[in-house]
Amino acid sequence: MNVKAQLLDNKGIDRALKRISHEVIEKNKGAADIALVGIKTRGVPLAARIAGYIEQFEGVKVPVGMLDITLYRDDLTEQSEQASLNETRVDFDVRNKIIVLVDDVLYTGRTVRAALDAIIHIGRPRAIQLAVLVDRGHRELPIRADYVGKNVPTSKFEIVHVKLMETDGEDRVIITEK
């Protein structure tokens, strides 16, 4: 793997998540009706960290769910002949909540589209917002994030790798070339 650049280190990720947490609180005038749903895999620990910061800043414990979008993908047959459903865990009623979907990288928008379908399948929230650690551009669908940790213009020949302590044993975001 040829590392082209490091975008964020552990302190940069932490600062970005704290800023996103403050922006979520500010936009929604508090945290009373907010619930966070992380898109598997790395959106889940990011959602948990944001929830921790919201609780620290507002004194409100917001629910956190985990969403597996495998069966909602539009490229399911391209991925594998045998799709396997991993765990979705949303242990709260999404109705009348402001759901903040959390993911690591926003690229084409297709993962987010699948996540929107999956959330709507569970229930009808009052609103759905999107928080991403990195927005790298190249959208194929009309989707944009409400909260972005870092905007990074990339080429289609580059790959953004988000590494998190919970899943990879380290916190950093790097760009490599295909």
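Because the structure is predicted, anything quoted here is derived from the model rather than measured.

Bringing the environment of aspartate 9 into the picture now. Inspection of the secondary structure puts aspartate 9 in the loop between β1 (3–8) and α1 (10–27). Distance in space between the C-alpha atoms of aspartate 9 and valine 173 is 6.6 Å, their sequence separation being 164 residues. The contact partners of aspartate 9, leaving out residues within four places of it in the chain, are Asp171 and Arg172. Side-chain polar atoms of aspartate 9 contact the backbone nitrogen of glycine 12, separated by 2.8 Å.

Taken as a whole, this structure holds 17 salt bridges when the rule is applied. We note a salt bridge from aspartate 14 to lysine 18, for which the minimum N-O separation is 3.3 Å. Here the residue aspartate 14 and the residue lysine 18 both occupy positions in helix α1, the gap between them amounting to 4 residues, near one helical turn. Its relative accessible area of 26% is what places aspartate 14 among the partly exposed residues. In this structure, the salt-bridge partner of arginine 144 is aspartate 146, at a minimum N-O distance of 3.8 Å. Residue classification places arginine 144 among the exposed residues on the basis of a relative accessible area of 60%. Residue classification places aspartate 146 among the partly exposed positions, given a relative accessible area of 26%. Among the charged side chains, a network of salt bridges with common partners joins Lys4, Glu158 and Glu177.

Using the residue numbers shown here, the UniProt feature "short sequence motif: PRPP-binding" (unreviewed entry) corresponds to residues 99–111. A helix fraction of 15% and a strand fraction of 62% characterise residues 99–111, whose end C-alpha atoms lie 16 Å from each other.

Two aromatic rings are characterised by how far apart their centres lie and by the angle between their planes. All chains considered together, the criterion is met by 1 aromatic pair. For the ring pair tyrosine 53 and phenylalanine 57, a centre distance of 6.0 Å and an interplane angle of 10 degrees mean the geometry is stacked. With a gap of 4 residues between them, tyrosine 53 and phenylalanine 57 both fall in helix α2 (residues 43–58), about one helical turn apart. By relative accessible area, which is 13% here, tyrosine 53 ends up buried. Above the plane of the ring of tyrosine 107 lies arginine 136, whose end atom (NZ or CZ) is 3.9 Å from the centre.

For the rest of this paragraph, the subject is α1. With 18 residues, α1 should reach 26 Å at 1.5 Å per residue; the first-to-last C-alpha distance of 26 Å fits that figure. Turning to α1, its buried residues number three or more, namely Gly12, Ile13, Ala16, Leu17, Ile20, Ser21, Val24 and Ile25. Once α1 ends, the next one or two residues include lysine 29, with phi positive near 55 degrees.

This brings us to the sheet that holds strand β2 (residues 34–39). Here we have 5 strands laid out as an open sheet, ordered β3-β2-β4-β5-β6, and parallel in their pairing. Bordering the open sheet on either side are β3 (64–67) and β6 (147–151), each of which pairs with just one other strand. This sheet shows a mean twist of 25 degrees between the axes of neighbouring strands, independent of strand direction. Sheet topology note: the strand β5 (residues 127–135)/β6 ladder contains 4 bridges and is parallel. Note on β6: the bridge partner recorded for valine 132 is valine 148. Against the sheet, α2 engages β2, β3, β4 (98–106) and β5, with an angle of about 155 degrees to β2.

So, how was this worked out
- Residues numbered from 1 in each chain as written.
- Predicted model: local features only at pLDDT ≥ 70, side-chain atom pairs only at ≥ 80, totals over all residues.
- Heavy atoms only, no water.
- Helix = DSSP H or I, 4+ residues; strand = E, 2+ residues; numbered from the N terminus.
- Contact = heavy atoms within 4.5 Å.
- Polar contact = N/O pair within 3.5 Å; in protein donor to acceptor, adjacent residues only side chain to side chain.
- Salt bridge = Lys/Arg side-chain N within 4 Å of Asp/Glu carboxyl O.
- Buried < 20%, exposed > 50% of the residue type's maximum accessible area, 1.4 Å probe, protein only.
- UniProt positions renumbered as here; feature names shortened; annotations may be inferred.
- Phe/Tyr/Trp six-rings, centres within 6.5 Å; stacked < 30°, edge-to-face > 60°.
- Lys NZ or Arg CZ within 6 Å of the ring centre and 35° of its normal.
- Expected span 1.5 Å × (residues − 1).
- Pairing = 2+ DSSP bridges.
- Axes fitted to C-alpha atoms, helices over the stretch in contact; angles between N-to-C directions.

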